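What follows is each chain in one-letter form.
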Amino acid sequence: MELTAITIRTLLMYLFVFLILRLMGKREIGKLSVFDLVISIMIAEIAVIAIEAPSRPILYAAAPMAVLVVVQLIVSNLTLKNRRLRLWFEGRPSVIISQGNLNWKEMKKQRYSLDDLMMQLRENRIDHVADVELAVLESSGKLSVIMADKQKPDVPPPVEGTKPKIRYGLLPLPLIMDGLVQDESLERIGKNRFWLRQELRREGVKEFKQVAFCSLDHKGRLYINRRT
């Protein structure tokens, strides 16, 4: 009788956890941040406890799991609209390699060893660090790699009196996200808010808050996506 109860509870918890993961969205399956991982582990532990204790009502497991799902959905919606909150929960990407040079300070801060780096470079089929233009450790733990390309165009001249810290060819830089200007990106290319406002007005955009996303590619071209 107990074996039958455990089997039925196992099937019920499987269906319930499957439904929960579908409600949490595809992002939870494809990419787990620290917050997502904590929620997933807690749900799994509660499901196991419910299966191992057939004498306890299954509602005792379903209720806390439902609470976790509600918390996850609320936090996901809030972070979707607020980038600062999103960075707080998910963390910032870390530059590990820039123009073939290792960023030892950032590696130490993230407790990211050379063995970890070499393993992920091999996964990207890279055997020489000097061939890497940029390697970024994403908040999910994945290493995103951009190879050096000698055919990249020359760097456009910076604004007079400023000195760009990185090249245009390094990455499509986000200049505006969720209506908020990314001043750090502007500093990297030697530009300011006045320049950005002028560029937006040429495209018929009057205010920063009207822009959902704006980026600059290696050719100096702006991509603008307006809020709907």
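Cut-offs and rules
- Residues numbered from 1 in each chain as written.
- Predicted model: local features only at pLDDT ≥ 70, side-chain atom pairs only at ≥ 80, totals over all residues.
- Heavy atoms only, no water.
- Buried < 20%, exposed > 50% of the residue type's maximum accessible area, 1.4 Å probe, protein only.
- Helix = DSSP H or I, 4+ residues; strand = E, 2+ residues; numbered from the N terminus.
- Arc of directions from axis to C-beta.
- Salt bridge = Lys/Arg side-chain N within 4 Å of Asp/Glu carboxyl O.
- UniProt positions renumbered as here; feature names shortened; annotations may be inferred.
- Axes fitted to C-alpha atoms, helices over the stretch in contact; angles between N-to-C directions.
- Parallel < 35°, antiparallel > 145°, perpendicular 65-115°, else oblique.
- Left-handed = near helix turned anticlockwise from the far one by under 90°.
- Contact = heavy atoms within 4.5 Å.
- Nonpolar A, V, L, I, M, F, W, Y, C, P; charged D, E, K, R; others polar.
- Expected span 1.5 Å × (residues − 1).
- Pairing = 2+ DSSP bridges.
- pLDDT = per-residue confidence, 0-100.

Chemist: How do you make sense of helix α7 (residues 114-123) when you look at a structure like this?
Modeler: Note: α-helices contain 3.6 residues per turn, so residues at a spacing of three or four share the same orientation. Those residues of α7 not exposed but buried are L117, Q120 and L121. In a view along the axis of α7, the buried residues occupy a sector of 105°, so they form one face of it. Turned more than 90 degrees away from the buried face of α7 sit D115, R122 and E123, all of them exposed.

Chemist: I keep staring at the pattern of salt bridges and nothing clicks. Help me out?
Modeler: Here the idea is simple: oppositely charged side chains can pair when their charged atoms come close. Under the criterion given, the structure shown has 4 salt bridges. The shortest N-O distance in the salt bridge between R193 and D183 comes to 2.9 Å. Of this pair, R193 sits in helix α9 (residues 193-202) while D183 sits in helix α8 (residues 183-188), placing them 10 residues apart in sequence. R193 gets classed as partly exposed once you look at its relative accessible area, which sits at 39%. Its salt-bridge partner being R188, residue E184 comes within 3.1 Å of it at the nearest N-O pair. With E184 and R188 both in helix α8 and 4 residues apart, the pair spans about one turn of that helix. With a relative accessible area of 29%, R188 lands in the partly exposed category.

Chemist: What exactly am I supposed to notice about the UniProt feature "transmembrane region" (unreviewed entry) in the chain here?
Modeler: On the UniProt side, "transmembrane region" (unreviewed entry) is annotated at positions that read residues 6-25, 32-51 and 57-80 here. Regarding residues 57-80, the helix share stands at 92% and the strand share at 0%, and the terminal C-alpha atoms are separated by 36 Å.

Chemist: Looking at this structure, how should I read the packing of helix α1 (residues 2-24) against helix α3 (residues 34-52)?
Modeler: For any two helices packed against each other, the geometry comes down to the angle between their axes and how far apart the axes lie. Following both chains from N to C, one finds α1 and α3 inclined at 165°, their axes separated by 9 Å at the closest point. Classified by the angle their axes make, α1 and α3 are roughly antiparallel. Note on packing geometry: the crossing formed by α1 with α3 is right-handed. Residue-level inspection shows I6, R9, T10, M13, V17, I20 and M24 of α1 in contact with α3, the latter providing I39, I43, A47, A50 and I51. Residue classes in the contact of α1 with α3 are distributed as 10 nonpolar, 1 polar and 1 charged.

Chemist: Whenever I open this one, the environment of L37 confuses me. Can you help?
Modeler: With respect to the helices and strands, L37 occurs in helix α3. Residue classification places L37 among the partly exposed positions, given a relative accessible area of 42%. C-alpha separation for the pair L37 and S140, spaced 103 residues apart in sequence, amounts to 9.9 Å.

Chemist: Can you walk me through helix α4 (residues 59-81) in this structure?
Modeler: The first and last C-alpha atoms of α4 sit 33 Å apart over 23 residues, in line with the 33 Å expected at 1.5 Å per residue. All of the buried residues in α4 are A61, A62, M65, L68, V69, Q72, V75 and T79.

Chemist: Hey, could you run me through the pairing of strand β5 (residues 173-177) in this one?
Modeler: The side chains of a regular strand alternate between the sheet's two faces. Buried residues dominate β5, accounting for 4 of its 5 residues. In this sheet, strand β7 (residues 211-216) lies alongside β5 in antiparallel orientation, the contact comprising 4 bridges. Residue pairing for β7: I176 is matched across the bridge by C214. With 2 bridges connecting them, β5 and strand β6 (residues 180-181) associate as antiparallel partners. The residue of β6 that forms the bridge with I176 is V181. Hairpin geometry of β5 and β6 is characterised by an intervening segment of 2 residues between the two adjacent antiparallel strands and by a positive phi of about 55° at D178.

Chemist: Just to check I follow, could you spell out the sheet that holds strand β2 (residues 101-102) for this structure?
Modeler: To summarise the sheet geometry, strands pair through backbone hydrogen bonds and adopt either a parallel or an antiparallel arrangement. With antiparallel pairing, 4 strands are arranged side by side in an open sheet as β2-β1-β3-β4. Whereas interior strands pair on both sides, the edge strands pair on one side only; in this sheet they are β2 and β4 (143-147). Where strand β1 (residues 94-98) lies against strand β3 (residues 132-137), 4 bridges are found, and the strand directions are antiparallel. Within β3, the position partnered with I97 by the bridge is A135.

Chemist: Please explain the confidence of the model for the chain as it appears in this structure.
Modeler: Do not read the fine detail of predicted coordinates wherever pLDDT is low. Confidence in the prediction of the chain, expressed as mean pLDDT, is 79, and 85% of residues score 70 or more. Within the chain, the element-level pLDDT minimum falls on helix α2 (residues 26-30), averaging 50, and the maximum on α9, averaging 91. Taken as a whole, residues 151-166 scores under 50 in pLDDT and shows 20 contacts with residues more than four places along the chain or in a different chain.

Chemist: Where do I start with the sheet that holds β5 in this structure?
Modeler: Spatial strand order, β6-β5-β7-β8: 4 strands in an open sheet with antiparallel pairing. Because the sheet does not close on itself, it has two edges, and the strands there are β6 and β8 (222-226). Bridge analysis of β7 against β8 gives 5 bridges, and the strand direction is antiparallel. In the sheet register, F213 faces β8, and the bridge partner there is N225.

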